[in-house]
Amino acid sequence: MTDISDRYEPAAVEARWYPVWEARGYFRGDASSTKKPFSIVIPPPNVTGSLHMGHALDNTLQDIVVRMKRMDGFNTLWQPGTDHAGIATQVVVERQLAAEGRTKDDLGREAFLERVWQWKEESGGTIIRQLKRLGASCDWSRERFTMDPGLSRAVREVFVRLYRAKLIYRDDYIVNWCPRCQTVLSDLEVEREERDAEFVYIKYGPLTLGTVRPETKLGDTGLAVHPRDARYRKYVGRLLEIPSVQGTITVKVVADAAVDPKFGTGVIKVTPGHDPVDFEIGRRHKLPIRTVIGFDGKMTAAAGRYAGLDRFECRKQIVEDMKALGLIERIEPYRHAVGVCYRCKTVVEPLVSKQWYVNVKPLARKAVAAVRTGRIRITPRSWTKTYYHWMKNIRPWCISRQLWWGHRIPAWYCERDGSVHVSRTDLTACPRCKGPVRQDPDVLDTWFSSGLWPFSTLGWPERTPELRTFYPTSLLVTGYDILFFWVARMAMLGLHLMRAVPFRDVYIHTLVRDPEGQKMSKTKGNVVDPLVLMDRYGTDALRFTLAGLAVPSVRDVRITDERIEASRNFANKLWNASRLVLSNLDGYDAAAARRAGPGLADRWIEARLAATTAAVRAALRAYRFNDAAATLYQFVWSEFCDWYLEIAKLSLYHAESPAQRLRTQHTLVTVLEATLRLLHPFMPFITEELWQRLPHAGDSIVVAPYPRAGRRRAAAAEREMEAVMAVVTAVRNIRGEMRIAPGATLAVTLRPAAAERALYEGQRALVEALGRARLTVDPAARRARDTALAVAGRAEVYVDLAGVVDVAAERQRLDKEIKRAGEAVEFLRAKLARPEFVERAPAEIVAKERERLAEQEALRAKLAESLAWIGDGAR
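Residues numbered from 1 in each chain as written. Predicted model: local features only at pLDDT ≥ 70, side-chain atom pairs only at ≥ 80, totals over all residues. Heavy atoms only, no water.

1. Description of the overall build of the chain
Thinking step 1. Counting its regular elements, the chain contains 29 helices and 29 strands.
Thinking step 2. With the C-alpha coordinates aligned to their principal axes, the bounding extent of the chain is approximately 105 × 70 × 55 Å.
Thinking step 3. With the model as given, the accessible surface of the chain reaches about 38,700 Å², and the carbon-plus-sulfur share is 50%.
Thinking step 4. The centroid of the 133 positive side-chain charges in the chain is displaced by 6 Å from the centroid of its 106 negative side-chain charges. (Helix = DSSP H or I, 4+ residues; strand = E, 2+ residues; numbered from the N terminus. Areas by Shrake-Rupley, 256 points an atom, 1.4 Å probe, with all protein chains shown as cover. Lys, Arg positive; Asp, Glu negative; His and termini not counted. Charge placed at Lys NZ, Arg CZ, Asp CG, Glu CD.)

Now the structure itself:
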């Protein structure tokens, strides 16, 4: 026997194998190979971040596919790397400085950037080490960083090309501004939170309107109504003199279709400087812009006596002042969605600012066409509708950020003639007049460089061998939360710059929530740390759990300790099964074993392995990771361990001939070896450890062939074995339900269909051993008194209860329990039928009562089935 521990120790196994795989170069892609390529780019995690549950899910699913393709003989490249994460990284370093009593301005730009680079070098390797701990089989020799020299060059090249194609431009436009982070945010970087507010109805001369932002009244330059709203038609085009907190003001009334006549009073105030809709209305009607809130979130000089107040303090003050002037008609409670910064949760302020934009409309059309024509396939297909809707309504992409950490915008302004110059190289003088120049201080949106990831990481703009071999990439795996942040932008930029899609398949996976279904966050204290779970249960258990949770039709899934514990038990089951096989290989001779004819159980388990292989391959082709995991679990736990291993023990310990023992050994070895290869992409560590101990060909399971089902299936063996198993299961169920001692031998009569008599006669010893019974096979048998009846396929099973069960007492017991369960069912049904309970009780209490009802209904049905088995006499 090969020495093997009686317990699976994940930590030791994981530490042993990953360095071996990496040292042997199994993960490396080869740009000169003639093999069919399969490539995938990792969604680059923040360089200074740590592994979270989203990373664990995302990278587990990628690794499953990559490992399977590698085993299938593809030239695989899983391109790794990290993202500079502009806002996130700068915020971390600014906090470090704040703890020292300093700010970034105290250091200056260059010294601050040196500090960030230092922080990146100190903490940047953490997440890479954690991804390796997860088992991610990336080609680490090709690791990239969004701000390394090659990718920085690609970023500049793209900016210059888009600028010269008039797709990048600079303009005054209303933007989402974060007063805390001091930068503009794209629409996608603004999160929405439901908050309570006051809807204040303000008198504007002869008109009244409602607003949740009375402080912006100071920036009003117009009023607007719908063109078809007859109530206000006489006011359209007029200049109204209106009493206000700053005296009498003059505003123009305009008609615009953007106004909803059913909202509030049907009149809105137009504040072009502080609302995106108002900004567009103002542009259409040439209304002036008055900025009364500054970039620091405080009221500006244009706000008059309110200047210097925080915007929310001003809100309270101006309402009090308007009340004093009699300008408030009424105030109503109002709940609405408020835009907040995705990073610091500060309420975003719409402000007009000069920023850099990408005109993405023409790029979006190509990206939509690529999905419609099938050049990009999105799975699940339900996400295509969302993708089309967003692309149809896409707005210019604001790409400038008021940060220091990031790719600085390659634009220079001549201080002599005011001209703007975009350049691939740094400018020291104006190309036009040779005057002094200054570079734009802003940096690019992080997603700009991330959008180039599929080709910039392969050496673009150079025509490298890697680019020729691995682009377009084969698959992108990502969460639905960055479908537009990242996926859509990669599609647009890849099609425009490479004239080819960046990936052929996009798999959108679920997001992982905490055990209560809540989004994980540090502030809630409900973050589930995958590293802790790996320490506690083993990496393979976590990976197998995550694969099982990846249900395509479900948006959010909960991860619980119970679920991961079940996967750890599965790993232990596999380990113990392998120990049993390895401990019974004395005298095994593969060549001699192949000459021995297989028995029914051998042919059955081989057929089930083939069916499992086909099902797993089909599930993985369709990215149904959960189905693949469930299929493997069912085969290993139920069919191989619970059935075939029990049958194999009979042959190993009580073989009728050496040939029978040899054949059983051969089936155990070949089926287990193939099963380990099937499982390897999901559970790489335990499978390598066990595979190395079995007879095998090759150096590592990592590069062993992934099993194929083949064309032959022993359908007859499956049918016959299932019939035998059904009889054994019927006997076991009756033993359990009748509470008969496990060691008692039961007298069992089987009444089969005539065509199956020979099958049961031939498998009599197997049924007797597995069912602990004495079996009589009689097609003419009739049920006797005091027997339990069960139906197994086309056969009837009679189990003699005389002497092992007090049948009369058992009937009485079952009758009482059925009555008790029935009463519980009626009580719970009546309780749940009362509207006052369902509507007023806490949701968790109602859910618990529904669970109790389902349990009692199932119990009553089970008891009734047991009573039916006993019956009431002979027939």
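2. Comments concerning the packing of helix α18 (residues 561-582) against helix α22 (residues 658-679)
Thinking step 1. Put simply, α18 and α22 touch, their axes get as near as 11 Å, and they point 150° apart. In terms of axis orientation, α18 runs roughly antiparallel to α22. The interaxial crossing formed by α18 with α22 has left-handed handedness. Contacts between α18 and α22 involve Phe 570, Leu 574, Ser 578 and Val 581 from the former and Leu 668, Val 669, Leu 672, Leu 676 and Leu 679 from the latter. (Axes fitted to C-alpha atoms, helices over the stretch in contact; angles between N-to-C directions. Parallel < 35°, antiparallel > 145°, perpendicular 65-115°, else oblique. Left-handed = near helix turned anticlockwise from the far one by under 90°. Contact = heavy atoms within 4.5 Å.)

3. Regarding the nonpolar core
Thinking step 1. Phe 448, Ile 559, Phe 640, Phe 682 and Val 797 are the most contacted members of the largest nonpolar core, which totals 205 residues.
Thinking step 2. Of all the elements, helix α21 (residues 625-654) adds the most residues to this core, at 14 residues.
Thinking step 3. Formed by 27 residues, the second largest nonpolar core is a distinct cluster that contains Tyr 235, Ile 242, Val 251 and Val 267. (Core = buried A, V, L, I, M, F, W, Y, C linked by side-chain atoms within 4.5 Å. Buried < 20%, exposed > 50% of the residue type's maximum accessible area, 1.4 Å probe, protein only.)

4. Notes on the pattern of salt bridges
Thinking step 1. In the structure shown here, the tally under the stated rule is 61 salt bridges.
Thinking step 2. The residue Arg 305 makes a salt bridge to Asp 321 at a minimum N-O spacing of 3.5 Å. Linking Arg 305 in the loop between α8 (276-285) and α9 (311-324) with Asp 321 in helix α9, this pair joins segments that are 16 residues apart in sequence.
Thinking step 3. Close ionic contact of Glu 761 with Arg 764 constitutes a salt bridge, the shortest N to O distance being 2.2 Å.
Thinking step 4. For Glu 761, a relative accessible area of 30% corresponds to the partly exposed category. (Salt bridge = Lys/Arg side-chain N within 4 Å of Asp/Glu carboxyl O.)

5. Topic: the sheet that holds strand β14 (residues 349-358)
Thinking step 1. Judged by pairing direction, the sheet is antiparallel, and its 4 strands sit side by side in the order β6-β5-β14-β16 without closing on themselves. What marks the edges here is a single partner per strand, and that holds for β6 (183-185) and β16 (397-398).
Thinking step 2. Two elements, β14 and β16, share 2 bridges in a ladder whose sense is antiparallel. By the bridge assignment for β16, Val 358 is matched with Trp 397.
Thinking step 3. Each of β5 (168-178) and β14 is contacted by α8, which is oriented at about 140° to β5, the strand it contacts most. (Pairing = 2+ DSSP bridges.)

6. Some details on the state of the cysteines
Thinking step 1. Within this structure, the stated rule accounts for 0 disulfides.
Thinking step 2. Free of any disulfide, Cys 181 has its nearest cysteine sulfur in Cys 344, 3.8 Å distant.
Thinking step 3. In this structure Cys 181 comes out as buried when scored by relative accessible area, which is 9%. (Disulfide = S-S within 2.5 Å.)

7. Quick notes on the sheet that holds strand β18 (residues 411-414)
Thinking step 1. With antiparallel pairing, the 3 strands of this open sheet are ordered in space as β19-β18-β20. The open sheet terminates on both sides in strands that have one partner only, identified here as β19 (420-422) and β20 (437-439). Each strand axis lies, on average, 30° off the axis of its neighbour in the sheet, ignoring direction.

8. Some remarks on the side chain of Gln 130
Thinking step 1. Within the secondary structure, Gln 130 sits in helix α6 (residues 126-134).
Thinking step 2. Residues contacting Gln 130, with those up to four places away along its chain left out, are Ser 50, Leu 51 and Leu 531.

9. Regarding helix α5 (residues 109-123)
Thinking step 1. In this model α5 runs 21 Å from its N-terminal to its C-terminal C-alpha over 15 residues, within 8% of the 21 Å that 1.5 Å per residue would give.
Thinking step 2. Residues of α5 that are buried include every one of Arg 109, Phe 112, Leu 113, Arg 115, Val 116, Lys 120 and Ser 123, and no others. The buried residues of α5 occupy an angular sector of 155° when projected down its axis, which confines them to one face. Across from the buried face of α5, at angles greater than 90 degrees, the exposed residues are Glu 110, Glu 114, Glu 121 and Glu 122.
Thinking step 3. Of the surrounding elements, those touching the buried residues of α5 are α3 (86-99), α4 (104-107), α6, β4 (144-145) and β21 (443-444). (Expected span 1.5 Å × (residues − 1). Arc of directions from axis to C-beta.)

10. A few points about the environment of Leu 770
Thinking step 1. As for its placement among the helices and strands, Leu 770 is situated in helix α26 (residues 764-771).
Thinking step 2. With relative accessibility at 12%, the residue Leu 770 sits in the buried group.
Thinking step 3. Sequence separation of Leu 770 and Val 728 is 42 residues, and the distance between their C-alpha atoms is 6.5 Å.
Thinking step 4. Excluding its chain neighbours within four sequence positions, the residues that come into contact with Leu 770 are Trp 643, Glu 646, Ile 647, Val 728 and Arg 732.

11. Regarding the environment of Tyr 706
Thinking step 1. Inspection of the secondary structure puts Tyr 706 in the loop between α23 (684-691) and α24 (715-737).
Thinking step 2. Between the C-alpha atom of Tyr 706 and that of Asp 535, which follows or precedes it by 171 residues, the distance is 29 Å.
Thinking step 3. Contacts of Tyr 706, omitting those with residues within four sequence positions, involve Met 68, Met 71, Asp 72, Val 616, Arg 617, Leu 620, Arg 677, Leu 678, Pro 681 and Phe 682.
Thinking step 4. For Tyr 706, the side chain forms a polar contact with the main-chain oxygen of Leu 678, separated by 2.9 Å. (Polar contact = N/O pair within 3.5 Å; in protein donor to acceptor, adjacent residues only side chain to side chain.)

12. Focus: the side chain of Thr 464
Thinking step 1. Within the secondary structure layout, Thr 464 lies in the loop between α13 (453-456) and α14 (465-470).
Thinking step 2. For Thr 464, a relative accessible area of 14% puts it in the buried group.
Thinking step 3. A distance of 3.1 Å separates a polar side-chain atom of Thr 464 from the backbone nitrogen of Leu 467.

13. A word on the pairing of strand β2 (residues 75-79)
Thinking step 1. Of all 5 residues in β2, 5 are buried, a share of seventy percent or more.
Thinking step 2. Every second residue of β2 is oriented toward a common face, with Asn 75, Leu 77 and Gln 79 on one face and Thr 76 and Trp 78 on the other, all of them buried.
Thinking step 3. Pairing analysis gives 5 bridges linking strand β1 (residues 37-41) to β2, with the strands arranged parallel. Across the sheet, residue Pro 37 finds its bridge partner in β2, namely Asn 75.
Thinking step 4. In terms of handedness, the path from β1 via helix α2 (residues 53-71) over to β2 forms a crossover that is right-handed. (Right-handed = clockwise from strand over helix to strand, strands pointing away.)

14. Topic: α9
Thinking step 1. In a regular helix each residue adds 1.5 Å, so 14 residues correspond to 20 Å; α9 covers 20 Å between its end C-alpha atoms and thus fits that length.
Thinking step 2. Three or more residues of α9 are buried, namely Arg 311, Cys 314, Ile 318, Val 319, Asp 321 and Met 322. Along the long axis of α9, the arc covered by the buried residues comes to 165°, so they all point the same way. Those residues of α9 that are exposed and angled more than 90 degrees off the buried face are Lys 316 and Ala 324.
Thinking step 3. Looking at where α9 begins, the residue whose side-chain oxygen comes 2.9 Å from the main-chain nitrogen of Phe 312 is Asp 310.

15. Considering the packing of α22 against α23
Thinking step 1. Two numbers describe how α22 lies on α23: the axes approach to 9 Å, and their chain directions differ by 155°. With respect to each other, α22 and α23 are oriented roughly antiparallel. Note on packing geometry: the crossing formed by α22 with α23 is left-handed. Contact with α22, carried on its side by Glu 673, Leu 676, Arg 677 and Leu 679, involves Thr 687, Leu 690 and Trp 691 of α23 and no other residues of that element.
Thinking step 2. Tallied by class, the residues present in the contact of α22 with α23 amount to 4 nonpolar, 1 polar and 2 charged. (Nonpolar A, V, L, I, M, F, W, Y, C, P; charged D, E, K, R; others polar.)

16. Looking at the pairing of strand β8 (residues 207-211)
Thinking step 1. Of all 5 residues in β8, 5 are buried, a share of seventy percent or more.
Thinking step 2. Here β8 shows a buried face lined by Leu 207, Leu 209 and Thr 211 and a second buried face lined by Thr 208 and Gly 210.
Thinking step 3. Sheet topology note: the strand β7 (residues 190-204)/β8 ladder contains 5 bridges and is antiparallel. Along β8, the bridge assignment pairs Tyr 204 with Leu 207.
Thinking step 4. Between β7 and β8, which follow one another and run antiparallel, lie 2 residues, and Gly 205 among them has a positive phi close to 60°.

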